[in-house]
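Each chain, letter by letter, is given below.
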Amino acid sequence: MIKKFFIIIFITLVLSGCSKDIPVIKDLSKINYKLIDQDSTEFNFPQDLKGKTVVLSYIYTHCPDICPLTTHNIMLINKQLEKENINNVAYVEISFDPERDSPSVLKKYAEVRAIKSKDWHFLTGDKKTIYDLLKAVNFKAMPGDTTITPSGDTLYYFIHTDRISLLDKQNRLRKNFKGSNVDKKVLINFLKQLDK
Amino acid sequence: MKKTLLLFFAFLISCNNIGKLKISHTWFRPVLKGMNTALYFTVENNTNQTDTLYSVKSSISDMVQIHETFVKDGMKGMRPIKFIVVKPHSKVEFKPGGFHVMVMNVKGDYKKSSSAKFDLYFKRNGKVKITANVKE
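Residues numbered from 1 in each chain as written. Chains lettered and ligands numbered in written order. Predicted model: local features only at pLDDT ≥ 70, side-chain atom pairs only at ≥ 80, totals over all residues. Heavy atoms only, no water.

(A) Quick look at the overall build of chain B. Scanning chain B from N- to C-terminus turns up one helix and ten strands. For chain B, the succession of helices and strands along the chain, N to C, is α-β-β-β-β-β-β-β-β-β-β. Looking at chain B residue by residue over its 136 residues, the buried ones come to 46%. Within chain B, counting contacts between residues at least 6 apart in sequence, those at least 24 apart form 68% of the total. Of the roughly 7500 Å² that chain B leaves accessible, carbon and sulfur atoms contribute 54%. (Helix = DSSP H or I, 4+ residues; strand = E, 2+ residues; numbered from the N terminus. Buried < 20%, exposed > 50% of the residue type's maximum accessible area, 1.4 Å probe, protein only. Contact = heavy atoms within 4.5 Å. Areas by Shrake-Rupley, 256 points an atom, 1.4 Å probe, with all protein chains shown as cover.)

Structure (structure tokens):
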């Protein structure tokens, strides 16, 4: 009888996949960053996301390779979650190049990829706010190589952390993944645990 | 005797040109006017001689560079490289997260299902024209 009881408890725990098992990396609920989204609307990060599980990434739109790859991975994650009817999820991509990534540039970046979801937020802001936010989540981005264009302009690239993160419904950072080569199934499994 | 020599040299020449350079899996990411994209493809060198890709040009951009992605202190970045060597009977893949051709400040909108032409310049094989489709 006792043996049976413990087996049932064990199975219940395994099936529940308790989200408490995923440690809190950083509680962002007490901080708020005033940012602006691709529609030029003010966005309070992360407070405006409260109650939703968040797939969070960091990009700059002049990046031709790693950042579009990260966005593409999130698009695939989004497609799978929609297929499974998991809808209480927000997708956030924060630019770490706010000087070039204005809301209209971010809107173009979304449009060309046919990203139309109202739950998908491309965020930018003033440089100080963005860099304070990046510091808080331990995301590093610094200008790297530069190229001079035929018209004499200087183009710069960034060297940056390659990351997709998950925030829980209480605005707490719970899990970091490599953005460009994330295992989508693993991320979705973690997300499901946080979504419970 | 003369005939034998001619045949011998013809054989030597043919040995150096067995097969040819094959470019496949050509594609680039969607991009709007004024923004950057990356061109990807695979170069297969089926000859007996090393070849070197040293330049890429296209009418869709005045600035096209061969790039590599690198990792430093746990961070990722990209930088221009001058050339890529393709050894005999080997292939080099230009793919997301690795080698790519950066196409900067494009002159028009290139959405899904559109295409563009590019010229790849090799030291030995000269100009190779390709067409790449847009896809995600």
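From this point, the narrative continues.
(B) Looking closely at the interface of chain B and chain A. With 33 residues of chain B in contact, the opposing surface of chain A contributes 30 residues. Buried area between chain B and chain A, summed over both chains or domains, comes out near 2500 Å², and the portion from carbon and sulfur atoms is 66%. Sorting the residues of chain B by area buried against chain A places Met75(B), Lys76(B) and Glu136(B) first, and these three jointly supply 27% of that buried surface. At the boundary of chain B and chain A, one finds two salt bridges. Two residues, Asp162(A) and Lys76(B), come together in a salt bridge whose shortest N-O distance is 3.4 Å. Taken together, the connections running from chain B to chain A amount to eleven residue pairs in polar contact (both at pLDDT 80 or more). For the side of chain B that touches chain A, the secondary structure elements donating two or more residues are strand E2 (37–45), strand E4 (63–72), strand E5 (75–80) and strand E8 (100–104) of chain B. Of the strand pairs in this sheet, strand E8 (residues 154–161) of chain A and E5(B) are connected by two bridges, and their pairing is antiparallel. Looking at the pairing, Thr161(A) lines up with Met75(B) of E5(B). (Buried area = accessible area lost by both parts, 1.4 Å probe. Salt bridge = Lys/Arg side-chain N within 4 Å of Asp/Glu carboxyl O. Polar contact = N/O pair within 3.5 Å; in protein donor to acceptor, adjacent residues only side chain to side chain. Pairing = 2+ DSSP bridges.)

(C) Structural detail: the state of the cysteines. Residue and element names in this part refer to chain A. Summed over the entire model, instances satisfying the criterion amount to zero disulfides over all chains. Free of any disulfide, cysteine 63 has its nearest neighbouring cysteine sulfur in cysteine 67, separated by 3.2 Å. The exposure class of cysteine 63 is buried, given its relative accessible area of 3%. By relative accessible area, cysteine 67 is classed as buried at 1%. (Disulfide = S-S within 2.5 Å.)

(D) Looking closely at the pairing of strand E5 (residues 89–95) of chain A. Residues and elements named next belong to chain A. Judged by how many residues are buried, E5 sits mostly within the fold: seven of seven residues are covered. Burial of E5 is two-sided: the residues Val89, Tyr91, Glu93 and Ser95 facing one way and the residues Ala90, Val92 and Ile94 facing the other way are all buried. Read from strand E4 (residues 53–59) through helix H2 (residues 66–83) to E5, the crossover connection turns out right-handed. As paired elements, E5 and strand E6 (residues 120–124) share four bridges and run parallel to each other. In the sheet register, isoleucine 94 faces E6, and the bridge partner there is leucine 123. (Right-handed = clockwise from strand over helix to strand, strands pointing away.)

(E) Up close: the environment of Ile60(B). All names here are of chain B. Structurally, isoleucine 60 can be placed in the loop between strand E3 (51–57) and E4. Note: C-alpha distance between isoleucine 60 and lysine 22 (38 residues apart in sequence) is 23 Å. Look past the residues within four positions of isoleucine 60 in its chain and what remains in contact with it is Val103, Asn105, Val106, Lys107, Tyr110, Ala116 and Phe118.

(F) The arrangement of helix H5 (residues 184–195) of chain A in detail. All names here are of chain A. With twelve residues, H5 ought to run about 16 Å at 1.5 Å a step, and its terminal C-alpha atoms sit 16 Å apart, in line with that. Listed as buried for H5 are Leu187, Ile188, Leu191 and Leu194. For H5, the buried positions fall inside an angular range of 120 degrees around the axis, keeping them on one side. (Expected span 1.5 Å × (residues − 1). Arc of directions from axis to C-beta.)

(G) A look at the sheet that holds E6(A). All names here are of chain A. Taken together, eight strands build an open sheet; the order of strands is E1-E10-E9-E4-E5-E6-E2-E3 and the sheet is mixed. Every interior strand has two partners, whereas the edge strands, strand E1 (26–27) and strand E3 (42–45), have only one. Examined bridge by bridge, strand E2 (residues 33–37) and E6 share two bridges and lie antiparallel to one another. Within the sheet, the bridge partner assigned to isoleucine 36 lies in E6 and is threonine 124. Packed onto the sheet, H2 meets E4, E5, E6 and strand E9 (164–167) and runs at close to 175 degrees relative to E5. (Axes fitted to C-alpha atoms, helices over the stretch in contact; angles between N-to-C directions.)

So far we have only geometry, and geometry alone does not tell us how the molecule works.
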